[in-house]
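A closer look at the structure
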Amino acid sequence: MGVGPTGAPGSDPRALLLTLTLLLAAAVPAAGQSARSAPPEPDSGGEVTLRVGIQQEFDSLNPFLGFSLASTGVFRLIYPTLTTYGAEDFSVVPELATDWKSSPDKLSWTFHIREGVHWSDGEPVTAHDVAYTFNRMMDDPAAATANGNYVEGFTGVTAPDDRTVVIRTASPQATMRSIAVPIVPEHVWSNVDDVAEFANQRMPIVGNGPFIATEYRPQQFLTLRANEDFWRGAPNVDRLRFVNFENSDAAVQALRKGEIDVVRDLTPTQFDALRDAEDIRRVRGKGRRFYEIVLNPGAANSAGEPIGTGHPALRDPRVRRAVDRAIDRELLVERVLGGYGTVGAGYLPPIFEEYYWTPPPRARRPFSIETANRALDEAGYPRGPDGVRHGPSGRPLDFEFVLHGDTSTDALVGKFVEEWLSRLGIRVRLRPVSDNQVNQRTTAGDFDMVVSGWSVNPDPDYVLRLQTCGARPKPGGGGLPDSFLCDRRYDELYASQLAEFDHSERVELVERAQRRFHRMATGLILFYPNALEAYRSDRFEGFMLQPTEGGVITAQQGYWGYYRARPTEQARAASGGAGYRSAAFVIVGVVLLGAVVLASVAARRRRTAEHRE
């Protein structure tokens, strides 16, 4: 068969042809290896893309509607706010507004708008854009969906000139320096008739932040390019791309392969597994998020009309408190979080020390199945022949528990809670669904139990307001409820803290509001997870953490992490280098292909010669 004297296969043109073909095939990079995302965008032309893997969907790119962590994080990158929170310690710092002052009665606030700032389409950013944004939220219920709480007490917003905004309020508001509302361009949004139906997916999105959204494929990726005209100066990276993954396992594999550069929301197991990974650094942040189970207390809209499908037994606070007693939070932190978190107590996480509250001993509900069973017995929920408890109407205590389907944390929590409640005579049906379905069902009151959680701002007013009667959905749309708590005493405490300018007094009122929320037990705070992240240290450096001590790169109250990130020399070289690497592949491929062609010709010639012979 043409084997040479030495037996070397390469001496046979056909063998050489096969070998080279295999080599050529091996030289072709595999495609489509990255979860459900599109193929990672290669660096090219000397430009570098910072690729961030996320496991949460963008619920909307409309800043009036989107409230998921993924969406609000992007809004901070593409839209300005009047002020923002500093990277070092969450202190309020100027952003679009350079300075501000209040009237002696604190009912009127004047903000001065930065000069020489332009939208990404070249139009100037003026005070009229600010006034338009707030007035739209005040006049259009749909536009108040995500951030309506900020303007709830406003009585008027005017722009007497291009550089001045005046906001008047019905009563003093302690939160006026930290209004985290994305400001939109009036010349664009005044053409939007129906905010509720406007997806804001036409690219590029006109904005004024450090990045400009340029390409979006739902459930695949969102690409932003650096805003060269950003008033603080252009970011150090050329592009920023958020890549959607179905789960964190796929995202971690992509990080290991170098297909993405940053991944967040790691599980404890993934975080530990990356400890000694080459060219990967880990970040363990304190986290500003709480994780809770919401128990439907009888959802209603702002008109008091019942909505949703909540089980009637959960309207009884004695049942809700019994469920709370059946949850072993310490075990959840140990087994679900791997110790990367803090046992839940009050509403606000410990990263904000001054607002952090834990129940005093007499108010605590420590884990005790025995005590929980006794409480249900005393409340009149006896067990039936099948061991399942029944309410006064005879309906069994059979609760549907809605979970995020792509989150391992939810799956584990669900299993533990299902087992614990079974010991109370309560049947639990786990219902994992998509992120957007969780949001939709929560807002509609279509649940018995649902996993929820919010990232808390340095000023806690936003999440405190979620538990007020005013947060319930309006009959005509809008509203952003959490637990559908509607309690007069809680609302009074909420209003008092909002009007209190003495910081110590306000802290005390916030603690009392948390105490009331804990008492009502509509939302059971299970834990405050650490924020576990990792990034490719061979490609990027200089990430600014927020806060400086124990902070995080992603999901900040600002844009510092991505804005300050710098490509390494290796990444810069690779950008031409990805180009160079690609070129190298092409060169090698061409050489091999040429060899294949020559070998093929040689083989044909030999076969031709053999035929002649």
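This is a predicted model, so every value here is computed, not measured. (Residues numbered from 1 in each chain as written. Predicted model: local features only at pLDDT ≥ 70, side-chain atom pairs only at ≥ 80, totals over all residues. Heavy atoms only, no water.)

**Digging into the overall build of the protein**
Counting its regular elements, the protein contains 17 helices and 21 strands. A buried classification covers 54% of the 613 residues belonging to the protein. If you take every contact in the protein between residues at least 6 apart in sequence, the share linking residues at least 24 apart comes to 70%. Of the roughly 26,000 Å² of accessible surface on the protein, 50% is carried by carbon and sulfur atoms. (Helix = DSSP H or I, 4+ residues; strand = E, 2+ residues; numbered from the N terminus. Buried < 20%, exposed > 50% of the residue type's maximum accessible area, 1.4 Å probe, protein only. Contact = heavy atoms within 4.5 Å. Areas by Shrake-Rupley, 256 points an atom, 1.4 Å probe, with all protein chains shown as cover.)

**Observations regarding the state of the cysteines**
Scanning all chains against the criterion turns up one disulfide. Covalent S-S linkage joins Cys469 and Cys486, the inter-sulfur distance amounting to 2.0 Å. Between Cys469 and Cys486 the sulfur-sulfur dihedral comes to about 105°; the bridge is accordingly right-handed. Residue Cys469 is found in the loop between α13 (461–465) and α14 (488–499), and its partner Cys486 is found in the loop between α13 and α14; the two are separated by 17 residues along the sequence. Of the residues examined, Cys469 reaches a relative accessible area of 16% and is grouped as buried. What makes Cys486 partly exposed here is its relative accessible area of 39%. (Disulfide = S-S within 2.5 Å.)

**Concerning the sheet that holds strand β18 (residues 523–529)**
Spatially, β14-β18-β13-β17-β15-β16 is the arrangement adopted by the six strands of the open sheet, whose pairing is mixed. A single partner strand is all that each edge strand has here, and the edge strands are β14 (341–343) and β16 (427–433). Strand after strand, the sheet turns through a mean of 30° between neighbouring axes, direction not considered. Pairing geometry for strand β13 (residues 289–295) and strand β17 (residues 449–455), over seven bridges, is antiparallel. Each residue of the ladder has a partner; that of Val294, found in β17, is Val450. (Pairing = 2+ DSSP bridges. Axes fitted to C-alpha atoms, helices over the stretch in contact; angles between N-to-C directions.)

**Some thoughts on the pairing of β17**
For β17, the buried fraction is high: seven of the seven residues fall into the buried class. Neither face of β17 is exposed, since Met449, Val451, Gly453 and Ser455 on one face and Val450, Ser452 and Trp454 on the opposite face are all buried.

**Some points on the packing of aromatic side chains**
According to the stated counting rule, one finds 27 aromatic pairs in the structure shown. Summarising the aromatic geometry, the rings of Phe134 and Phe154 are spaced 5.8 Å apart at their centres and angled 85° between planes, so their arrangement reads as edge-to-face. Note that Phe134 is positioned in helix α3 (residues 127–139) and Phe154 in strand β6 (residues 154–161), a separation of 20 residues in sequence. In this structure Phe134 comes out as buried when scored by relative accessible area, which is 0%. Judged by relative accessible area, Phe154 falls into the buried class, the value being 7%. Look at Trp189 and Phe198: their rings are 5.1 Å apart centre to centre, the planes differ by 85°, and that puts the pair in the edge-to-face class. By relative accessible area, Trp189 is classed as buried at 1%. One cation-aromatic arrangement involves Lys106 over Phe501; the distance from NZ or CZ to the ring centre is 5.0 Å. (Phe/Tyr/Trp six-rings, centres within 6.5 Å; stacked < 30°, edge-to-face > 60°. Lys NZ or Arg CZ within 6 Å of the ring centre and 35° of its normal.)

**Structural notes on the packing of helix α8 (residues 317–325) against helix α10 (residues 369–379)**
At a minimum axis separation of 8 Å, α8 and α10 run at an interaxial angle of 165°. When the axis of α8 is compared with that of α10, the two are roughly antiparallel. Helix-helix and strand crossings are classified by hand; for α8 and α10 the assignment is left-handed. Facing α8, whose interface residues are Arg318, Val319, Ala322 and Arg325, α10 presents Thr371, Ala372, Ala375, Leu376 and Ala379. (Parallel < 35°, antiparallel > 145°, perpendicular 65-115°, else oblique. Left-handed = near helix turned anticlockwise from the far one by under 90°.)

**So, the sheet that holds strand β4 (residues 97–102)**
Pairing is antiparallel across the open sheet formed by four strands, whose spatial order is β4-β5-β7-β6. Looking along the sheet, the strands with just one partner apiece sit at the ends: β4 and β6. If you compare each strand with its neighbour and ignore which way they point, the axes differ by 20° on average. Against the sheet, α3 engages β5 (108–113), β6 and β7 (164–169), with an angle of about 160° to β6.

**A few points about the packing of α14 against helix α15 (residues 503–520)**
Interhelical geometry of α14 versus α15 gives an angle of 160° and a closest axis separation of 9 Å. Judged by the inter-axis angle, α14 sits roughly antiparallel to α15. You can see that α14 and α15 cross each other, and the crossing is left-handed. From α14, Arg489, Tyr490, Leu493, Ser496 and Gln497 reach across to α15, where they touch Arg506, Leu509, Val510, Arg512, Ala513, Arg516 and Phe517. Across the contact of α14 with α15, the residue classes break down as six nonpolar, two polar and four charged. (Nonpolar A, V, L, I, M, F, W, Y, C, P; charged D, E, K, R; others polar.)

**Considerations on empty space enclosed by the protein**
For the coordinates displayed, the defined rule picks out five cavities of 30 Å³ or more. Quantified by volume, the largest cavity comes out at close to 170 Å³. What lines the largest cavity is a set of 21 residues, and nearest its centre among them are Arg76, Thr81, Thr83, Thr84 and Gly558. For the lining of the largest cavity, the element with the highest residue contribution is strand β2 (residues 83–85), accounting for three residues. (1 Å grid on protein atoms, 1.4 Å probe; cavity = no way out; pocket = protein on both sides within 12 Å on 5 of 7 lines; lining within 4 Å. Points joined across faces, edges and corners; volume = space filled by probe spheres on them.)

**Overview of the environment of Thr371**
Along the chain, Thr371 falls in helix α10. Counting along the chain gives 45 residues from Thr371 to Ala326, while the straight-line C-alpha distance between them is 8.5 Å.

**Here we look at the pattern of salt bridges**
Pairing between side chains of opposite charge can happen when their charged atoms approach one another. Under the definition given, this model contains 30 salt bridges. We note a salt bridge from Glu215 to Arg241, for which the minimum N-O separation is 3.8 Å. Within this pair, whereas Glu215 is found in strand β8 (residues 211–217), its partner Arg241 is found in strand β10 (residues 239–244), the two being separated by 26 residues in sequence. By relative accessible area, which is 5% here, Arg241 ends up buried. For the salt bridge of Arg389 with Asp377, the shortest nitrogen-to-oxygen distance reads 2.7 Å. One end of the pair, Arg389, is in the loop between α10 and β15 (398–404); the other, Asp377, is in helix α10, with twelve residues separating them in the sequence. Under the relative-accessibility criterion, Arg389 is labelled buried at 1%. Judged by relative accessible area, which is 47%, Asp377 ranks as partly exposed. Connected through salt bridges with shared partners, the residues Asp386, Asp398, Arg427 and Arg429 form a single ionic network. (Salt bridge = Lys/Arg side-chain N within 4 Å of Asp/Glu carboxyl O.)

**Structural notes on helix α11 (residues 408–422)**
Given a rise of 1.5 Å per residue, 15 residues ought to cover 21 Å, and the 21 Å separating the end C-alpha atoms of α11 matches this to within 8%. Along α11, the positions that sit buried rather than exposed are Asp410, Val413, Gly414, Phe416, Val417, Trp420 and Leu421. (Expected span 1.5 Å × (residues − 1).)

**Let's talk about the confidence of the model for the protein**
For the protein, the mean per-residue pLDDT works out to 88, and 86% of the residues sit at or above 70. Scored below 50 in pLDDT, residues 1–35 makes 38 contacts in the model with residues more than four places away or belonging to other chains. Across residues 577–613 the pLDDT falls below 50, and counting only partners more than four positions away or on other chains, this stretch makes 29 contacts in the model. (pLDDT = per-residue confidence, 0-100.)

**Some words on the environment of Tyr563**
Mapping Tyr563 onto the fold places it in helix α16 (residues 560–564). When the C-alpha atoms of Tyr563 and Val237 are compared, they prove to be 7.8 Å apart, with 326 residues separating the residues in sequence. Side-chain polar atoms of Tyr563 contact the backbone oxygen of Arg232, separated by 3.1 Å. (Polar contact = N/O pair within 3.5 Å; in protein donor to acceptor, adjacent residues only side chain to side chain.)

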